[in-house]
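# Examining the three-dimensional arrangement
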Amino acid sequence: MKVKINGEELEATAGQTVLEVAKKAGIEIPTLCYLKDKNEIGVCRICMVKVEGGGGGYEPAFVLQVSDGLEIETNTPEVRELRRLNLELILANHPQDCLSCERSLNCELQGLSKELGVDGSRFAGKRIEHQLDESTPSLIRDPNKCVKCRRCVSVCNDSQGVKVLFPNNRGFETLIAPFFNKDLDEVACSLCGQCLHACPVAAIKENDAIDNVWEALNDDNQHVVVQIAPAVRVSIGEEFGVEPGTPMTNKLVTACRKLGFDKVFDTDFTADLTIMEEGHELLSRLKEGGPFPLLTSCSPGWIKYVEHFHNDFLPNLSSCKSPQQMFGALAKSYYADIENLSREEITVVSVMPCTAKKFEATREEMMKDGSQDVDLVLTTRELARMLKMTGVDFLNLSGSDFDDPLGISTGAADIFGVTGGVMEAALRTVYEKLTGEELSGLRLTEAKGLTGVREAKIELSNQTIKVAVVSGLGNASKVLEAVKRGEKEYHFIEAMACPGGCVGGGGQPIPTNEEIVMKRGQGLYNINNSKSLRKSHENPVIQELYEEYLEGVGNKKAHQLLHTTYQKRAK
Amino acid sequence: MAFYRGHILVCTGQECKQKGGKEVERILVKELKRFGLNDEIKVISTDCLGACEAGPLMVIYPEGVYYGGVQIEDVREIVEEHLLKGRRVNRLLYEMDESEENVTAHHKKDIFSDEMRIVLRNCGLIDPEDIKDYIGRDGYRALGIALTRLTPKEVITMIEDSGLRGRGGAGFPAGLKWKFTHQADGDEKYVVANADEGEPGTSKDRLIMEGDPHTLLESMAIAGYAVGADTGYIYVRGEYQLAVSRLKKAIEQAEELGVLGKNLFDSDFDFEIKIREGAGAYVCGEETALLRSIEGERGEPQIKPPYPPNEGLWGQPTLINNVETLANIPVIIQKGADWFSKIGIENCTGTKVFTLSGDVMNEGLVEVPMGTTLREIIEGFGGGMADGREFKVAQTGGTSGGCIPKELLDTPMDYDSLAEVGSALGSGALLIMDESHCIVDIAKCFMHFFEHESCGKCTPCREGNTRMYEMLDRISKGESNLKDLDKLRDLANVMSKTALCGLGQAAPTSIYSTLDYFKDEYLAHITAKVCITGDCQELVTQREEGERKGETA
Ligand SMILES: Cc1cc2nc3c(=O)[nH]c(=O)nc-3n(C[C@H](O)[C@H](O)[C@H](O)COP(=O)(O)O)c2cc1C
Ligand code: SF4
Ligand code: SF4
Ligand code: SF4
Ligand code: FES
């Protein structure tokens, strides 16, 4: 069919929206609340276009479907004025403290104001002062900046299925928050941070640890080590204008040294270690007949979610600590011994793609003698901010390697950061243990009746191992429900709280969207391919660690240091 | 069934109740017992009989005699004189005009001469708690005709041909909506009666439900048959407890008699009706918000499409009509589309119930043919302005409507004519204000209402109403400048054109019309800092202004 947009005749097919047709033709229509397939509720009224003829009127471009002969204006003075008025109304109720806002230059509201030519708001008036929600170590909610687009509501409710954010109150007093305006620590929030990625402004942000890290770095009595998670190396470049997925590992190491860290280590090392322990756990469950399915435990958002919503599955969770926490435990024992330092003299900082990791570090199960194994957690974004503060010319740094001994890793560890990676890494080791042969790639196919879930069967001589891989809490919940109903049976399920895995984590650079997450994941696979060692059990330092310190895989000492327990939490 | 030689309707509508109507009813029942008349004469409490000025009001049938201003002391006299001796109590006869003596019910009819009761045909005439009374006045006959003699398509054609338009506010052709719902595919279909009636100063739907609940049930069943639904919901405003209890009783009786339930009139057609009580927010009357509310979700309007006839309750095709719209249906089926379409005017057929209030002699409900002029209603039913004051402005259509000045008093009251002068028919609320009211203050009141009632979902309404109120507030305090008038128009523009639902779109209607028709009054506030009425207390009144001028002269 034919439609006319701004006088230009365009070909369109039934079911397309005006927004889609316009975009294809190179006509940009600004949007704010719209997130394709996620938030299609049309509340901001920015994308309004004029329908010519007939009843006429203004309609949101993403709602309006094309019909033959439809005539649309997207760019008349009146259309622009109406958009600008709505934006000015939002601005009149916004702090407008761009100078000190962490989303400045990366803010959709700021971008729109420029794009629509807004020069201030005509409508100054009252504003409601809201308290910040700083209740969790992971996230800060600042309702003063909220533009009520409800993108976070849709993502938390529908995509993540956690359902803790809602519109509270009505009218001008509308407040997007947990029910009854509770704080996040009073509700069943997983702290995954996906709402933060949904947010166009700085109304949801990480609970910043930068000052504390500076303090530790400036403390001469502290030996400060940093660990860097796999998914950070393929995303940090974005903060400096580099394509998503570009590996920046060696520059990152140099940059951290420049910041003053005494040692720069790799979470990949303990990712290899996690594979060893988790692989062992799978093997012993296979031997003992369960409990199945074994559920991975490296994603702290996922753990917290299971503790809140599916705590009948707590015995299924792998008892392995996450790589971050295994690292913390080892840094303050094994490494401290090597360096002849006491626990108190070491500060462990991690750089994570994740907001839930900040919470994980503070869990009581992750403490020893009243102090945390991992002291401070920075997100990818915070590290980038620190680098910018110090004027490190990131892109022009010469690269260097991680420090020994906690800096050696295999390709299996790199793919930890992407959905399916933990499963593949674990199976590489387990398969070889059971068959003596190398696993020739893991072929996952879409699980029947469960969108967003992939599964595979691994044939062994005497048994078939059924595994599933899932990312995003909404999808993960569906698998557990299917297992509970007896519709699906698996031995091992890899689950990550964030869509796409850690590459899509709540601590990653903004924007984070499907396309970018894919590129970052591909980046991790590229690193894996470039490494000569790709199986965790081949990591020589890991082998040494087991021989010299941990007294063998799955042994008591290893168990004490590297395993943990979980708790029931309220829904 | 007991046979009564007479019925007494005692009005317990809001006004009459306040003036002691309930008490009068109690004493009346007692007195009847005392005189042994309780088996002969039945007392029925009714909702507003539409002549609040004369409350507490009672009507004695079969004579049709109205008594007004009845106090408990008067009851014995009425019983002794009228009921026992057959002599009218002249001093209590309801009279409109003091100069005319002994106005009988017949004379009284003259004051209601423009009235034409279709939807209120039974209100006040039957015992709403007795289905037999309804049946005695042709109740459920239309359902029988529809089920036994007409196909669903024929029913829909009849409604289309009648020209009936929705009375919930938007005036959408009812037949067309029925057709869409009929044509839509769905596993399940629903009929929903919108009885939320949140518009301040409107109580027509309540009167129908309290006075004639079976009409609504019958209409819904007919609608269900036409569109292919076997379940209906009545979404009733939470405050309407009397309506709820009468509807419940009516449903019970209808099911007992088999006019609701399974296999109605041996036609294989089943229909059941459930009641849902509203949570109280004005916006819940908006159809998509109402449907969410029935589903148990936060009652917020949704973007359209999809429209309810295609995807309504639980995603299924749903017909949603206003109570008054539905109340027309049985009459159309019985008397024919042709008969109905001749009432009112072209493009806007039938009657409309208005809730007249404000500075008129008689407030109350009145049903007149579409196209009756504003002046006819005010001067006829309303009995003119109260206290001899001058008419200043009428707001038609409730808070969402516009303000009509004196020059437009002859505007016919129908959807299109009112839209032409920048107002709306809406739900039929009709607020009349005299010269003692300040236009800025009036506008401020409306915006206060909308600031309070916005659901907060979309930008223009959530933010716009508040900013508009603030601006009017500044104007009323003399803190504004001429630029504010442009800004008011900007805001009205963005709200009416881009708000998500009818609430935000209609909120500025009164602003447009007051800016158009009363610009001078705004200007006086802004530039001269004068409020002629004195309603804006921070400003000088006209009189003070005069004195001040006198001093300087
Ligand atoms: C804010 C708002 C409030 C409304 N309230 C009511 C109401 O109380 N009763 C009603 O019948 N329609 C109300 N409506 C109109 C309904 O959305 C809908 O158009 C109507 O129920 C359709 O019935 P009709 O076609 O019979 O008029 C309201 C609309 C809006 C925008
Ligand atoms: S962090 Fe995750 S679970 Fe918590 S509110 Fe945000 S999206 Fe929901
Ligand atoms: S917190 Fe952010 S995403 Fe959520 S409604 Fe507010 S602005 Fe939108
Ligand atoms: S116009 Fe007002 S009531 Fe309607 S959706 Fe928008 S905010 Fe809610
Ligand atoms: S982007 Fe269109 S309404 Fe928000």
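Residues numbered from 1 in each chain as written. Chains lettered and ligands numbered in written order. Predicted model: local features only at pLDDT ≥ 70, side-chain atom pairs only at ≥ 80, totals over all residues. Heavy atoms only, no water.

## Overview of the packing of aromatic side chains
All names here are of chain B. Counted only if it meets this: A pair of aromatic rings is counted whenever rings of Phe, Tyr or Trp (Trp by its six-membered ring) have centres within 6.5 Å, and the orientation is called stacked for planes under 30 degrees apart, edge-to-face for over 60 and tilted otherwise. Working definition: helices are DSSP H or I runs of at least four residues, strands are E runs of at least two. Numbering for both runs from the N terminus. Note on exposure labels: buried denotes an accessible area under 20% of the residue type's maximum, exposed denotes more than 50%, and partly exposed covers the range between, all computed with a 1.4 Å probe on protein chains only.
Applying the stated criterion to the full structure yields 17 aromatic pairs over all chains. An angle of 55° between the planes, with centres 6.1 Å apart, marks the rings of Y233 and W314 as tilted. Of the two residues, Y233 is situated in strand β6 (residues 231–236) and W314 in the loop between α12 (287–295) and β9 (318–322); the sequence distance between them amounts to 81 residues. A residue is classified by how much of its surface remains accessible, and Y233, at 4% relative accessible area, is buried. When the centroid spacing of 5.9 Å and the interplanar angle of 20° are considered together, the rings of F269 and F271 count as stacked.

## Focus: the pairing of strand β10 (residues 223–228) of chain A
Consecutive residues of a regular strand have side chains that alternate between opposite faces of the sheet. Residue and element names in this part refer to chain A. This is how the line gets drawn: At least two bridges found by DSSP between two strands is the condition for calling them paired.
Burial within β10 is extensive, with six of its six residues counted as buried. The two faces of β10 match: H223, V225 and Q227 on one face and V224, V226 and I228 on the other face are all buried. Relative to strand β13 (residues 346–352), β10 runs parallel, the two sharing six bridges. What sits directly across from Q227, in β13, is S350. Relative to strand β11 (residues 263–266), β10 is paired through four bridges, and the arrangement is parallel. The residue of β11 that forms the bridge with V226 is V264.

## With respect to the domain arrangement of chain B
Quoted interface sizes are often the accessible area lost when the parts come together. Residue and element names in this part refer to chain B. The condition that has to hold: Residue ranges labeled as domains rest on an automatic or database domain assignment. Any two residues whose heavy atoms approach within 4.5 Å are treated as being in contact. Buried area: the accessible area, evaluated with a 1.4 Å probe, that two parts lose upon being put together, summed over both parts. What counts as a salt bridge is simple: a side-chain nitrogen of Lys or Arg found within 4 Å of a carboxyl oxygen of Asp or Glu.
Taken domain by domain, chain B holds domain 1 (6–110), domain 2 (131–340), domain 3 (346–434) and domain 4 (439–544). On a C-alpha basis, the centres of domain 3 and domain 4 stand 22 Å from each other. With 14 residues of domain 3 in contact, the opposing surface of domain 4 contributes 14 residues. Interface area for domain 3 against domain 4, summed over the two sides, is near 1100 Å², with a carbon-plus-sulfur share of 69%. Three residues, K392, T399 and C403, lead the burial of domain 3 against domain 4; their summed loss comes to 46% of the area buried on that side. Summed over the shared surface of domain 3 and domain 4, the number is one salt bridge. Salt-bridge contacts for E521 lead to K392; the nearest nitrogen and oxygen are separated by 3.0 Å.

## Side note on the packing of helix α9 (residues 267–288) of chain A against helix α18 (residues 540–550) of chain A
Residues and elements named next belong to chain A. Rules: Convention adopted: a line fitted to C-alpha atoms gives each axis, helices being fitted over their contacting stretch, and angles between N-to-C directions are expressed from 0 to 180 degrees. Orientation categories follow fixed angle ranges, with anything under 35 degrees roughly parallel, anything over 145 roughly antiparallel, 65 to 115 roughly perpendicular, and all other angles oblique. Here a crossing is taken to be left-handed if its near helix is turned anticlockwise relative to the far helix by less than a right angle, and right-handed if that turn runs clockwise. All residues other than Ala, Val, Leu, Ile, Met, Phe, Trp, Tyr, Cys, Pro, Asp, Glu, Lys and Arg, Gly among them, are scored as polar; the first ten of these are nonpolar and the last four charged.
As a packed pair, α9 and α18 sit with axes 10 Å apart at the nearest point and diverge in direction by 70°. It follows from the interaxial angle that α9 and α18 lie roughly perpendicular. For the element pair α9 and α18, the recorded crossing hand is right-handed. Taken together, the residues of α18 that come into contact with α9 (itself represented by F269, D272, L273, M276 and E277) are V541, I542, L545, Y546 and L550. Within the contact of α9 with α18, the residues separate by chemical class into eight nonpolar, no polar and two charged.

## Topic: the site of ligand 2
The test is simple: Any residue with a non-hydrogen atom lying within 4 Å of a molecule or strand is treated as near it.
The environment of ligand 2 is formed by L139(A), C156(A), V162(A), V164(A), L165(A), C189(A), S190(A), L191(A), C192(A), G193(A) and C195(A). Here the shell around ligand 2 is composed, by residue class, of nine nonpolar, two polar and no charged.

## Quick word on the domain arrangement of chain A
Residue and element names in this part refer to chain A. As assigned here, chain A comprises domain 1 (2–89), domain 2 (139–207) and domain 3 (211–562). One C-alpha centre belongs to domain 2, the other to domain 3; they are set 27 Å apart. Listed by partner, the interface residues are 17 residues for domain 2 and 28 residues for domain 3. Of the roughly 1500 Å² buried between domain 2 and domain 3, counting both surfaces, carbon and sulfur atoms make up 55%. On inspection of domain 2 and its partner domain 3, the count reaches two salt bridges. Across the salt bridge formed by E206 and R385, the nearest N and O atoms sit 2.9 Å from each other. Looking at the side of domain 2 that touches domain 3, the element that brings in the most residues is helix α5 (residues 194–198), giving three residues.

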